[in-house]
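Each chain, written out:
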Amino acid sequence: MQSNEPNNLENSKPRILTQKTSNQARKLDLRWIIAISCLPLLGIATAFGIAPQTLTDNIPVETIVEEVALPQLEALSSLNAIKEYFWVTETIRRDDTLVALLKRLNIRNDDAIEFLRTNHDADALASQLKPGQSVRAQTSGAGKLIALEYQFNNTHLLSVTNSDSGYIAKTHEINFNKHTVLKSATIKNSLFGATDAADIPDSVAMQLVDIFSTDIDFQTDLRKGDRLVVAYEAEYSEGLQVKAGQVLSAEFTNDGKTYSAFMHKDPAGNVAYYTPDGKSMHKSFLRSPLEFSRISSGFSTGRLHPLLQTMRAHKGVDYAAPIGTRVKASGDGVVEFIGSKGGYGNVIVLQHQNKISTVYGHLSGFAHGLHQGKKVSQGEVIAFVGMTGLATGPHLHYEFLLNGDHRDPVTVALPSAEPIPANYKAAFLAQKAEYSAQLNLLRASNVASID
């Protein structure tokens, strides 16, 4: 029997060679993959390897010696002496006491505290601690008072200084710097809302109401988009505005129509406002005796009385307003009657020139010192809104009579006041030209800012 083993061995050899060849191929492929993946690293290494190294070898090195002068000991001593004193400013709080305020100001020496508590000349600090006002004091590091300043009102300043003989307190009248302030505002909801947004003081806004009140009814005539420009005086102390002064000139555009007013002060100090051609801005009568309110019932020849429930004429205008609202005389006149009268309740009747009279009813009270026969001026406060007599709510009942006949106060033609006197007109026109230039400048800047 022949054996098959040799043949089996021979047949198996090719398979072993093939397997070895396959393993060698895998190893070769792996080597190529490793070699290819290393190429970027070799590139980086090459880049670093060929970077020039010559810059660090050629940097010049130089040694510089410079003398610095030291300050003298005397100067340092003087500087330290100055630094021992410093100023502290504190605002007076609502519940402040003098002791608490002095403690915050770092005033600790007993002689200064006793002086500020008891000295008559320093009484403004001890007795007039007004919340919101500021006090500034200079003290040493140990709390010794060197100086103190307290502006306790708009015109006066208390100063306390230390001297060889003790502390000295003096009250000084403040010297203000007057400047002209230019402002503009646009009406969105109300006059005061517009002036507040433009940072125009309320005192200036009230002057604008007085100036333009005979042409513009600020209760009913204002429109969204109305504009005003105003120039007014203001007093400054140490760069801060202390108070607003008089309006110098103003323009008010209401419902597309522009009204202009310019101030004139005569040699006696009387102030009045005129149109550009010298006509008075004021009529002989105010259109309304209230600054701000609304008409709750108009002039009528027949209406149903809310209390009596009968048809009768309403020979005046009712202005709804809170109790206590100020009532002004609509024109210069004399008190003809003051007291209580039937359905009018508390009432005032004023007699004016040219056979005109005005009536103010349902008042809660009268101005102090007012009596029959007393002269009153246009705009003077004569009474306060109430609901006395036949009234369903707080309001002012206002009547305007000519030759004893009732006229509608809202529509009646009001006589104009006298124009500027002829002997003042030249000076007024020269001053008006300066005021006009200021308003033109402000108007032009507003247009530029809008564009």
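The rules behind each value
- Residues numbered from 1 in each chain as written.
- Predicted model: local features only at pLDDT ≥ 70, side-chain atom pairs only at ≥ 80, totals over all residues.
- Heavy atoms only, no water.
- Phe/Tyr/Trp six-rings, centres within 6.5 Å; stacked < 30°, edge-to-face > 60°.
- Helix = DSSP H or I, 4+ residues; strand = E, 2+ residues; numbered from the N terminus.
- Buried < 20%, exposed > 50% of the residue type's maximum accessible area, 1.4 Å probe, protein only.
- Lys NZ or Arg CZ within 6 Å of the ring centre and 35° of its normal.
- Lys, Arg positive; Asp, Glu negative; His and termini not counted.
- Salt bridge = Lys/Arg side-chain N within 4 Å of Asp/Glu carboxyl O.
- Polar contact = N/O pair within 3.5 Å; in protein donor to acceptor, adjacent residues only side chain to side chain.
- Pairing = 2+ DSSP bridges.
- Axes fitted to C-alpha atoms, helices over the stretch in contact; angles between N-to-C directions.
- Contact = heavy atoms within 4.5 Å.
- Arc of directions from axis to C-beta.

For the structure on display, the rule yields 7 aromatic pairs. Ring centres of Phe218 and Phe252 lie 5.5 Å apart, and the angle between their planes is 90°; this geometry places the pair in the edge-to-face category. Of this pair, Phe218 sits in the loop between α8 (202-212) and β7 (227-237) while Phe252 sits in strand β8 (residues 240-254), placing them 34 residues apart in sequence. For the residue pair Phe218 and Phe252, the accessibility class agrees, reading buried in each case. Each residue in the set Phe212, Phe218 and Phe252 is aromatic and connected to the rest through ring pairs, giving one cluster. Cation over ring: Lys341 sits above Phe337, and NZ or CZ is 4.5 Å from the ring centre.

Here the focus is the side chain of Asp226. Positionally, Asp226 belongs in the loop between α8 and β7. For Asp226, which is buried and forms no salt bridge, the nearest opposite charge comes from Arg223, at a distance of 6.3 Å. At 2.9 Å, the side chain of Asp226 forms a polar contact with the backbone nitrogen of Arg223.

Attention shifts here to unusual backbone geometry. In this structure, Asn106 is a non-glycine residue whose phi angle is positive, near 65°. Among the structural elements, Asn106 can be located in the loop between α4 (98-104) and α5 (110-118). Even without being glycine, Asn354 reaches a positive phi, approximately 60°. Within the secondary structure, Asn354 sits in the loop between β17 (346-351) and β18 (356-366). Given the relative accessible area of 61%, Asn354 is considered exposed.

What the 5 strands build is an open sheet, ordered β1-β2-β3-β4-β5; its pairing is antiparallel. Looking at which strands have only one partner, the edges of the open sheet turn out to be β1 (85-91) and β5 (166-173). Going across the sheet, the axis of each strand differs from the next one's by a mean of 15°, ignoring polarity. Across 5 bridges, the pairing between strand β2 (residues 134-140) and strand β3 (residues 145-150) is antiparallel. Note on β3: the bridge partner recorded for Val135 is Tyr150. Sheet contacts for α5: β3, β4 (156-163) and β5; angle to β5, the most-contacted strand, approximately 40°.

Our next topic: α8. Buried within α8 we find Val204, Ala205, Gln207, Leu208, Val209, Ile211 and Phe212. Those residues of α8 that are buried lie in contact with α7 (191-197), β7, β8, β9 (257-265) and β10 (271-274).

Another aspect to go through is α5. The set of residues buried in α5 consists of Ala112, Phe115 and Leu116. Viewed end-on, α5 has its buried residues packed into an arc of 95°, placing them on one side of the element. Along its buried surface, α5 packs onto α4, α6 (123-127), β3, β4 and β5.

This paragraph deals with the sheet that holds β8. With antiparallel pairing, the 5 strands of this open sheet are ordered in space as β6-β7-β8-β9-β10. Sheet topology places β6 (177-186) and β10 at the edges, where each strand pairs with a single neighbour. Neighbouring strand axes in the sheet, compared pairwise and without regard to direction, differ in orientation by 30° on average. With 10 bridges joining them, β6 and β7 adopt antiparallel strand pairing. When the sheet's bridge partners are listed, Ala185 is paired in β7 with Leu228. The strands touched by α8 within the sheet are β7, β8, β9 and β10, with β8 carrying the most contacts at an inclination of about 35°.

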